[in-house]
Every structure is written in C-alpha cells, then in structure tokens.
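Structural features, examined
So you can see what is in the structure, the chains are spelled out below.
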Amino acid sequence: MPMASPSRQSQASKPSYFEWHNLSFEIAGKKILDGVSGHVAAGELLAVCGPSGAGKSTFLDVMAQRTKPTDGYTSFNGELSPDMQELSSYVEQHDALLGVLTVRETLLFAAKLSFPPSTSSAVIQRRVEDTIAQLGLSRVADNRIGTPIQRGVSGGQRRRVSIGVELVRLPRILLLDEPTSGLDSAASREIIRTTRDIARRYGMLVIATIHQPSYETLALFDRVLLLARGQTAFFGATSSLVPYLRDVLKSNIGEHSNPAERALDLLNDDFNMAESRDQGDEEKAARDNASVPNVLATWREFSRTHPAEAYLTLNPSPNTKYTAPDATFVGADAQDPRWHAQWYRPIHQTGVLMHRAFLNYTRNLLAYGVRIGMYVGMGVLLATVWVNLGTSSSKINDRLSVHFFSVAFLGFMSVAGIPAFLEERHVFMRERLNGLYGVGPYVVSNSLASAPFLFICSLVFTIISYWSIGLHPGGEHFFKFLAVLYLAVYTAESQSLLVAAGVPIFVAALAIASFLNGFWMCVQGYFIRAVNLPAFWRVWAHWIDYETHAFNFLVINDLRGLVFECSNSSGQCHCEYASSLIASGRCEVSGEDVLKTLDITELDAGTYVAILFCIAIVYRILLFVVLYFKRR
Ligand SMILES: Nc1ncnc2c1ncn2[C@@H]1O[C@H](COP(=O)(O)OP(=O)(O)OP(=O)(O)O)[C@@H](O)[C@H]1O
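Throughout, a residue's number is its position along its own chain's written sequence, starting from 1. Local features in this predicted model are restricted to residues of pLDDT 70 or higher, and side-chain atom pairs are both shown and tallied only at a pLDDT of 80 or more, whereas totals for entire chains, interfaces and linings draw on every residue. Side-chain measures were taken over the full set of non-hydrogen atoms in the model, leaving aside hydrogen atoms and water.

Counted only if it meets this: UniProt positions are given in the numbering used here, feature names are shortened, and annotations may be inferred rather than shown by experiment.
Looking at an unreviewed UniProt entry, one finds the protein named p-loop containing nucleoside triphosphate hydrolase protein and attributed to Exidia glandulosa HHB12029. Reading the Subcellular location (unreviewed entry) entry of the UniProt record for the protein gives the comment "Membrane".

**What about the pairing of strand E10 (residues 231-237)?**
Convention followed: Exposure categories follow from relative accessible area, calculated using a 1.4 Å probe and restricted to protein chains: below 20% of the type maximum is buried, above 50% is exposed, and the middle band is partly exposed. In this description a helix means any DSSP run of H or I spanning at least four residues, a strand means any run of E spanning at least two, and both kinds are numbered starting from the N terminus. For two strands to pair, DSSP has to find at least two bridges joining them.
With seven of its seven residues buried, E10 lies for the most part within the structure. Judged from the six bridges that link them, strand E9 (residues 223-228) and E10 form a sheet pairing that is antiparallel. Bridge pairing in E10 places Leu225 opposite Phe235. As consecutive antiparallel partners, E9 and E10 are separated by two residues, and within that stretch Arg229 has a phi angle of approximately 50 degrees, a positive value.

**Topic: the packing of helix H21 (residues 475-502) against helix H22 (residues 506-523)**
Two quantities define a packed helix pair, namely the angle between the helix axes and the distance between the axes. What counts, and what does not: To obtain each axis, a line is fitted to C-alpha atoms, and for helices this fit is confined to the stretch in contact; angles are then taken between N-to-C directions over 0 to 180 degrees. The labels follow the angle: roughly parallel below 35 degrees, roughly antiparallel above 145, roughly perpendicular from 65 to 115, and oblique for the rest. Crossing handedness is defined as follows: a turn of the near helix away from the far one that is anticlockwise and smaller than a right angle gives a left-handed crossing, while the clockwise case is right-handed. In this analysis, two residues are considered to be in contact whenever any of their non-hydrogen atoms come within 4.5 Å of each other.
Running from amino to carboxyl end, H21 crosses H22 at an angle of 140 degrees, the nearest separation of the two axes being 9 Å. With respect to each other, H21 and H22 are oriented oblique. The interaxial crossing formed by H21 with H22 has right-handed handedness. Residues Gln495, Ser496, Val499 and Ala500 of H21 lie in contact with H22, whose contacting residues are Ala509, Ile512, Ala513, Leu516, Asn517 and Trp520.

**Observations concerning the side chain of Arg432**
Spelled out, the test is: Here Asp and Glu are counted as negative and Lys and Arg as positive; His is not counted, and neither are the chain ends. Whenever a carboxyl oxygen of Asp or Glu lies within 4 Å of a side-chain nitrogen of Lys or Arg, that contact is scored as a salt bridge. Within 3.5 Å is the distance limit for a polar contact, defined as a pair of N or O atoms, with the added protein rule that one can donate a hydrogen and the other accept it, and that residues adjacent in sequence qualify only through two side-chain atoms.
Within the element layout of this structure, Arg432 appears in helix H19 (residues 418-433). Despite being buried, Arg432 has no salt bridge partner; Glu431 is the closest side chain of opposite charge, sitting 11 Å away. At a separation of 2.8 Å, a polar atom in the side chain of Arg432 contacts the main-chain carbonyl oxygen of Leu627. Among residues more than four places away in sequence, those in contact with Arg432 are Gln85, Tyr437, Val439, Leu627, Tyr628, Lys630 and Arg631.

**With respect to unusual backbone geometry**
For Asn22, which is not glycine, the phi torsion reads 55 degrees and is therefore positive. Here Asn22 lies in strand E1 (residues 17-27). Relative accessible area serves as the criterion here: at 32%, Asn22 is assigned to the partly exposed category. Positive phi, close to 50 degrees, is recorded for Ala28, a residue that is not glycine. Mapping Ala28 onto the fold places it in the loop between E1 and strand E2 (30-41). Taking relative accessible area as the criterion, Ala28 reaches 84% and is therefore assigned exposed.

**What to know about the packing of aromatic side chains**
Selection rule: We call Phe, Tyr and Trp rings a pair once their centres come within 6.5 Å, taking the six-membered ring for Trp, and we label the pair stacked below 30 degrees between planes, edge-to-face above 60, and tilted otherwise.
Following the criterion strictly, the structure yields 37 aromatic pairs and no others. On the numbers, 5.6 Å between centres and 45 degrees between planes, the contact of Trp386 with Phe405 is tilted. With Trp386 in the loop between helix H17 (365-385) and helix H18 (396-412) and Phe405 in helix H18, this pair connects stretches of sequence that are 19 residues apart. Residues Phe519 and Trp540 carry aromatic rings whose centres are separated by 6.3 Å and whose planes lie at 35 degrees to one another, so their mutual orientation is tilted. Note that Phe519 is positioned in helix H22 and Trp540 in the loop between helix H23 (535-538) and helix H24 (541-544), a separation of 21 residues in sequence. Following the ring pairs from residue to residue traces out a cluster consisting of Phe515, Phe519, Trp520, Phe536, Trp537 and Trp540.

**Re the site of the ligand**
Counted only if it meets this: Consider each residue's heavy atoms; a residue with any of them within 4 Å of a molecule or strand counts as near. To be clear on the numbers: accessible area is Shrake-Rupley with a 1.4 Å probe, and residue cover counts the displayed protein chains and nothing else. Any residue outside Ala, Val, Leu, Ile, Met, Phe, Trp, Tyr, Cys, Pro, Asp, Glu, Lys and Arg is labelled polar, Gly included; the first ten of those are nonpolar and the last four are charged.
Near the ligand there are 13 residues, and of these Ser52, Gly53, Lys56, Ser57 and Thr58 occur at the shortest range. At 2.5 Å, a side-chain N or O of Thr58 approaches an oxygen atom of the ligand. Summarising the interface, the protein chains cover 59% of the accessible area of the ligand, which totals 640 Å² for the free molecule. For the shell around the ligand, the secondary-structure elements that each account for two or more residues are E2 and helix H2 (56-63). Among the elements that line the shell around the ligand, the one with the most residues is H2, at three residues. For the shell around the ligand, a count of residues per class yields four nonpolar, seven polar and two charged.

**Some words on the environment of Gly236**
Along the chain, Gly236 turns up in strand E10. The class of Gly236 is buried, set by a relative accessible area of 0%. Note: C-alpha distance between Gly236 and Leu46 (190 residues apart in sequence) is 9.2 Å.

**Some details on the UniProt feature "transmembrane region" (unreviewed entry) in the protein**
As recorded in UniProt, the sites labelled "transmembrane region" (unreviewed entry) are residues 365-389, 401-422, 443-469, 475-492, 497-520 and 605-629. Span residues 605-629 is 100% helix and 0% strand, its end C-alpha atoms 37 Å apart.

**Regarding the nonpolar core**
The condition that has to hold: Put simply, a nonpolar core is a bunch of buried Ala, Val, Leu, Ile, Met, Phe, Trp, Tyr and Cys residues held in one set by side-chain atoms that sit within 4.5 Å of each other.
With 87 residues, the main nonpolar core has Phe18, Trp20, Phe59, Leu175, Ile207 and Leu226 as its most contacted residues. In terms of residues, this core owes the most to one element, helix H7 (residues 185-202), which gives six residues. Setting aside residues up to four positions removed in sequence, Phe18 forms contacts with Gly38, His39, Val40, Met63, Thr74, Ser75, Phe76, Pro82, Met84, Ile173, Leu205 and Ile207. Core analysis: the second largest hydrophobic core is formed by 68 residues, Tyr375, Leu400, Ala492 and Val523 among them.

**Re helix H27 (residues 605-629)**
We apply this condition: Multiplying 1.5 Å by the residue count of a helix minus one yields the expected span of that helix.
Over its 25 residues, H27 extends 37 Å from the first C-alpha to the last, a length consistent with the 36 Å expected when each residue adds 1.5 Å. Those residues of H27 that fall on the buried side of the exposure criterion are Tyr608, Leu612, Ile615, Ala616, Tyr619, Arg620, Leu623 and Leu627. Tucked into the core, H27 has its buried residues touching H19, helix H20 (439-469), H21, H22, H24 and helix H25 (546-559). Of the residues that open H27, the one with a side-chain oxygen 3.2 Å from the backbone nitrogen of Gly606 is Asp604.

**What about the pattern of salt bridges?**
Taken as a whole and assessed by the stated rule, the structure comprises 20 salt bridges. Between Arg66 and Glu92 there is a salt bridge, and its shortest N-O distance comes to 2.8 Å. Within this pair, whereas Arg66 is found in the loop between H2 and strand E4 (71-76), its partner Glu92 is found in the loop between strand E6 (88-91) and helix H4 (103-114), the two being separated by 26 residues in sequence. Accessibility expressed as a relative area gives 24% for Glu92, which makes it partly exposed.

Printed below as a string of structure tokens:
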C-alpha cells in the first residue's frame, strides 16, 4: 500500500527551501567557517567552490549535521535544525561500496533498504534502471565494483555508483562532496546534468562542493557559493558571477574565460609569495588589491549594500524551472516519516542486509574464502602431524595440545576477517549517517549472516582432523567437539569485529586482536595450569576467557571414558598422570584421573555451551555499543 503522505501534497504545491544563516565553526581557536549565509530552493543546484582548505567539506559536514556549528543555524521550510538524516543524503569524497557486488546489485540493495516492503519490486526495479541509465552506467551495470584482488569498474564509474546509491532514494536534499573528482570534463558535465535533471523533476535540492568546474559544468548550477578562508567571497546566481568579478572586483575576465578558474586564481593565496617576487611593482599592486582579505571585504560590503543582488533575501531563483513531484513520486515513500517510524522497518532492513551480507561473504574471497582455505590447511596439518595418537598414556599431553591448538589457532585466525569487516564497516557508516538504517539491523544481520560461514570453517577442520588424530570415538563426541569448536570460533570472530569496530585501522586492529588472542592463550590454563596462575589473572581473566571454557570442554569430551595404558618396565608401572587404577592392579590411567590432576571442573556440555554463548553475546552487545557511539 503506497504511503501517500500529507507532506506529498504540500510538497507538490510549495517548493521547499533550505537556508543557512551565519554558520560558523571554530576548532582549537581556528575559524574554519566564519559567518556563512545563504539558501537554496527545491529543484536548484548550488556549487560550493573555493581553493583547497577553504572550508568546503566542513561546510557540507555542518549542513549534514555531522559537525555542530559553533554559531548560526540551518532551516528547512522555516523549521529550525531539521532532521537531516531523514531529509538528506550525503555523498562523501571517498567511495564506500562493497567490491563484490555488481553496479545493479549495489543500487538495488540501496533502494530496497530505503523503500517500504509495500513498494512493488517493479517500481524499485524501474527506479534502479532509471538511475543506471541516467548515470551512464548501463554498459557496466552487471560488472562488479572491484576489490583489491579483482579489478572492477573504473574510478570514475565508482564515483557515479556512489552518487547513484543516494540518487536512487530520491532524498529531499542531496549533498555531494567533490562528485566530479576522478572524472573527465565530459563525464563531470554529464553527472551534474543528470543530477540537475533529477533535481528539477523531483524537486530535490542539491548542494555540491566542486573544485574546479569547467565553464559548461559551472553553467549547470543555479547558484554559486565561493568560499575562502571559511568566509563567503561570493554567493548568488551563477549568471551573476561574471558581472561580479568584472564590475565589482575589477577582474580582467574575458568573454570566454572560465569564471570559476578566475575566481579560484583570486582566492588561492597558497602560492602567491613566490609569484609576487617575480612581479614588477605595478603588477604587485594590482595583485595586492585583489588579495584574499580584500576580496572578502569587498563581498561583505557588497552584500550589505546590495542584499537583493547578493541573493541573501529569500526568493526562489528566477531561473529554476521546478516541476512539482507527481503522484507517482516513489521517493516520497522512502522519505515518509510514517515509514521511518514503522516498528517493522528494522526487521525489513535486517532481512535486506542479511541477503546482501550473504552475497558479500559467498563472493568475497577475503571474507571467508581465504579463511576456509586456511582452516583446511590447519586440518591437514593436525591430521598429519598428530596422526593416530592411540591410547598410550605418553600421548595424553599430545592430545591436550590438539585441543589447545584447535581452539587457540582457529580462534586466532579470526583476524583474517578484519579487512572484509572494515570494508563493510565503511559502507555501514555511510548508510547509517545517511539515516538509511540503525546499528541494530546491521549488528543482527552481521551476526546471523556470518554464522553459517564460520560453521563451514569449523566443519571442514573437524572432518579432516578428528578421525585422523584418533580423538574419542563415536558420533556424539565428534559432534560435541564440532559444536564447541564452532562456538569458540564464532566468539573469536565476534572479538575481532569488536576490535575493528573500535579501531578501524587495519594494522592497529590486527595488532590489538592478535595481542588479545595471545593474552587469552596465556591465561586459559594450558601453558600454565590454572591453579598456578597468579590470583590477579586467575580470578577474572581466566574465567572470562572463551578459550578456557572451550579447551576444558574439548578435553573433557575427549578424555572422559577413555583409559590409557601406562609403561611397564621391570615390573614397575609408570603413568604420566596420577592413576587411581594402579591400586587395583591395572597399569593404566583413566581420563577422569587426568582431568582431576589438571583440575578441570567437569561441568555438563550444556553449561559449557551456555557459557560460550553468553561470551559471544556479550561481544556482540559490545559491538553494538561501540558502533552506536562511533561516528566515523
Ligand atoms: N576537525 C578539524 N580539526 C582541525 N582542523 C580542521 C578540522 N576540520 C577542518 N580543518 C581544517 O580546516 C580547513 C578547511 O578544511 P576543509 O576540509 O573543509 O577544506 P576543503 O575546502 O574541503 O579542502 P579540500 O578542497 O582540499 O578538500 C583545513 O585547513 C583543515 O585542515
């Protein structure tokens, strides 16, 4: 059932306005933005230009409410500080996409996450195909985006896909940070033209930072905001820029010269010192006249004395040919506040995210492919090194090392999942900051979608090694070994993701996760028996260590019920562990005797499973908390 919101009618009859007034942002005593004001109407495009370091990205961050201004405010249709997560989409400078998905799949998942489940798949499909065609991506629609080990679409095409995933949702406000970086001038022009057509058609309001637009590209924008040193150097209709440069700033601008280029020449003083050393007195004087402080002062004076020409009064641009959205405006469904408040929205989104994660994990060699290979390798290693251990008491320690090795090293290998998680995390951050979904659906979908893959990893390892080593015979023992090893691997994975969520830098996350795994190995009771651990470590670290419980269970599962032959030389029975059987004349030691010597508490299988399950759940809750508070 399409959600025809009341806002759709009002939107159709009255174009929207977005205003910002006296925006300032200061950090460590340095003014990054200083009193920037302006406005833009629905269907219009605003170009934010300026030299490097002028404050363009900061301006967009403040607009998107990702940075809180130290002064000033924004308003949408007169409403102060509107909820920008609901209203806007922000395309950042750096592309955050899943490399193994195709262009079409990427847009399709973005659309499915945005629209309510009541939106028919035909409508979603049409929206996706329209966006692909409008962005000139038809020829590569079925190509993958690309990963470090598999080449995909070109850099410029990636950029267009990044814009597409936001355009497909038809937000009310679209914020673009350097949308044309990496594109040639023809592609840049086409991207801006497409964005403009969509903005006009759907009454979308677009604000784009753009470094050095060509003349033709600049002409596609309705308005221009020139920034320098965080201050406004010009704001107004694009057509007013040339007269302003020529008549007010007295800049020598030819009929065919690019006004953006000329403006940036005036505003870029990073390299002026060297230039002015080579100039004569007259040229130097002219240059000083057009120095950045003078250009800024000229604008301040001009906007004070010519407020209407400076476009600081709120009037729709006379150039905007804005057509109100029609009744089939599907974007309204995605933006409808009632859909955002629906209780089943997170459930629907969790399902879509799980589907996407599943595709990602099945195709992404870096996610689980390499790891399955590593677990096969480890299984073969154990199966051939610890081959056919038998039941001699001299092999009891070798059995213990099998259990230690299985838990510790399989857990350790979970660090291999960090690169794929970091890629996914970037995508999650982008989508979450754009208000697409919250932390809950992401954590739940990740937790569920990774479970089968980790099970396969544990299964291949167990199948290859268990029988070959000759661990406790019987299907029940095999499956208990598999189940607890799987829980240990799942917990280790949860720990690695938690670390990478908090420290999203590959090398740092790898170092911390490796350290943690090393730490758990030290306190789990294999290298040094738990009773011999200093109390400081034993009372807490030993007990919260997932390796302790997994190792203890695997040892119990293997040894309990087995009897090991001791060596008998010259009538003397020698057992590696204290034996209760020698007293009854048997030169053997029971598995129970070994467990007693090792001081391993014999809990039942269900208790061990419950403990490991709880540790994994705690890690997943911590993952939720870390992602909830992390904004980058
Ligand atoms: N959080 C911050 N802490 C300290 N300095 C900052 C911060 N954010 C921005 N700056 C500084 O403010 C200035 C403007 O940065 P910003 O990234 O907004 O410029 P820009 O115009 O987008 O530059 P470019 O075109 O090179 O991307 C820069 O000198 C930058 O170092």
